[in-house]
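# A look at the structure
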Number of protein chains: 2
Amino acid sequence: MSSVSENLAKETRMRGDDRRELILEAATQVFGDHGYVGTTTAEIARAAGVSQPYVVRLFGTKQQLFLDVLGRALDQLLSTFRAALGGDSSDPVAHRIGVAYVELTRERGLLLSLMHAFVLGGDPVVGAAARAGFMDVYRFLRTEAGFSPDEAQQFLAGGMLINTLVGIRMTDDYETDPEVRELMQAAMPEKLDVVLALAEGDRR
Amino acid sequence: MSSVSENLAKETRMRGDDRRELILEAATQVFGDHGYVGTTTAEIARAAGVSQPYVVRLFGTKQQLFLDVLGRALDQLLSTFRAALGGDSSDPVAHRIGVAYVELTRERGLLLSLMHAFVLGGDPVVGAAARAGFMDVYRFLRTEAGFSPDEAQQFLAGGMLINTLVGIRMTDDYETDPEVRELMQAAMPEKLDVVLALAEGDRR
DNA sequence: GTCTATACCAAGATAGAC
DNA sequence: GTCTATCTTGGTATAGAC
């Protein structure tokens, strides 16, 4: 999945769309780590293997780049959920989507970039995009997934806790602190291994 | 409660501790709105009615100021919870603490400053403080409030969703969007009025 | 205890070459 | 399509006066 872009990264010159996608991927990671304001275009450029002015050139402004990252993240999120709606129907829908959600932590920075946006509601443009995106997810849960308002609330609440635990890097203390273990097991009874494996990779 | 500090604000010169508290209050608000990185010491200074260098002088660095804000927020949070543990015992503990939590949105920026910290787990010093603070709350729920791991998880999940809805300023669309109304009513069946009234005040 | 002035640096964006 | 060089702004922190 990412091997395509990794191969492309080695080219010194490529089609604009490919480079764009490559930068969006890198930007998602970096924004996820440091937040919107905390991220520099230079850092994104470094992560993508291009020059800083080129990043700006391609997306106009840092803000526009962030908006593009958010849009892409939302698309990936919803299409992952839709895929889960297919799947083994002996398994309840809520469970299938829940598992799909935790699996999304694999897409480095995706959920965290969203989380950073969610907390910037005060920004006139980023905030508006964040609200719209959040409601897209809610609408999906209510209509496509068939959740009741209360089920949707429950699901989103669990999701926000997972985002928080990942964002706060609670994984760092998983081994050493038994209370952290207890909490994380309660928050993601399944698929904890995915999150932990990912955290392991990050500590390089 | 805040009238004390408002009166003090009019003095051009005051005891260091009072000015300190005044600045911490202002900083909590501003950090809550714009996040750690997105906040400038100049903006905090303006909000507190002092000069920018004085803010730095008093706390050493912006980072230290943020850490102090976090510590203060945690203290207020836990003492509010402890007060709720007292209260009318015909009302279940979980409910009393839940209501107390929503009431905390009154303390402008308190929950949001915490939320901003929670998402900065990657920062070596802020992240460590955030994790420690989060676990303080978990430990309170488990020991003092007597929650099971699952009850604590449930409570924290609901809390993170409320934080997110407040941070994303979902209140802005409450009147116009029926789906937003539906979601917010599910997320905070009680005390929604407190949050809405607060949001009203913010849009000046 | 608090201010004004300012040094210093980092970051986003632009110009223009290749 | 992509880079190097650079302009410009804004933000933290320091020095030093009152």
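You'll find the structure just up there.
Residues numbered from 1 in each chain as written. Chains lettered and ligands numbered in written order. Predicted model: local features only at pLDDT ≥ 70, side-chain atom pairs only at ≥ 80, totals over all residues. Heavy atoms only, no water.

### A few points about the protein's contact with DNA strand C
Around DNA strand C, the structure places 19 residues, and the nearest of them are Thr41(A), Arg57(A), Met14(B), Ser51(B) and Tyr54(B). Within the backbone of Lys62(A), an N or O atom sits 3.1 Å from a phosphate oxygen of DNA strand C. In this structure, a phosphate oxygen belonging to DNA strand C sits 3.0 Å away from a side-chain N or O atom of Arg19(B). Elements with a minimum of two residues in the surface near DNA strand C: α3 (41–48) and α4 (52–59) of chain A together with α2 (16–38) and α4 (52–59) of chain B. Tallied by class, residues from the surface near DNA strand C come to 6 nonpolar, 8 polar and 5 charged. (Near = heavy atom within 4 Å. Polar contact = N/O pair within 3.5 Å; in protein donor to acceptor, adjacent residues only side chain to side chain. Helix = DSSP H or I, 4+ residues; strand = E, 2+ residues; numbered from the N terminus. Nonpolar A, V, L, I, M, F, W, Y, C, P; charged D, E, K, R; others polar.)

### Quick notes on the pattern of salt bridges
Tallying each qualifying case throughout the model produces 28 salt bridges over all chains. In this structure, Glu103(A) engages Arg106(A) in a salt bridge whose closest nitrogen and oxygen atoms are separated by 2.3 Å. Judged by its relative accessible area of 23%, Glu103(A) is partly exposed. A salt bridge links Glu179(B) to Arg139(A), with the nearest nitrogen and oxygen atoms 2.9 Å apart. Of this pair, Glu179(B) sits in helix α10 (residues 178–187) while Arg139(A) sits in helix α8 (residues 124–144), which puts the two residues in different chains. Overall, Glu179(B) belongs to the partly exposed group, its relative accessible area being 26%. For Arg139(A), a relative accessible area of 29% corresponds to the partly exposed category. A cluster of three or more residues bridged by salt bridges with shared partners is formed by Asp33(A), Arg108(A), Arg169(A) and Asp202(A). (Salt bridge = Lys/Arg side-chain N within 4 Å of Asp/Glu carboxyl O. Buried < 20%, exposed > 50% of the residue type's maximum accessible area, 1.4 Å probe, protein only.)

### Details of the packing of aromatic side chains
All names here are of chain B. Throughout the structure, instances matching the rule amount to 18 aromatic pairs over all chains. Between the aromatic rings of Phe 31 and Phe 66, the centroid separation amounts to 4.7 Å while the plane-to-plane angle is 65°, which identifies the pairing as edge-to-face. On the criterion of sequence distance, the pair formed by Phe 31 in helix α2 and Phe 66 in helix α5 (residues 62–86) is long-range, its members being 35 residues apart. Note on Phe 66: relative accessible area 0%, which makes it buried. (Phe/Tyr/Trp six-rings, centres within 6.5 Å; stacked < 30°, edge-to-face > 60°.)

### Focus: the packing of helix α9 (residues 149–167) of chain B against α10(B)
Residue and element names in this part refer to chain B. Taken N-terminus to C-terminus, the directions of α9 and α10 make an angle of 145°; their axes are 10 Å apart at the nearest point. When the axes of α9 and α10 are compared, the crossing they make is left-handed. Residue-level inspection shows Leu 161, Ile 162 and Leu 165 of α9 in contact with α10, the latter providing Leu 183, Met 184 and Ala 187. (Axes fitted to C-alpha atoms, helices over the stretch in contact; angles between N-to-C directions. Left-handed = near helix turned anticlockwise from the far one by under 90°. Contact = heavy atoms within 4.5 Å.)

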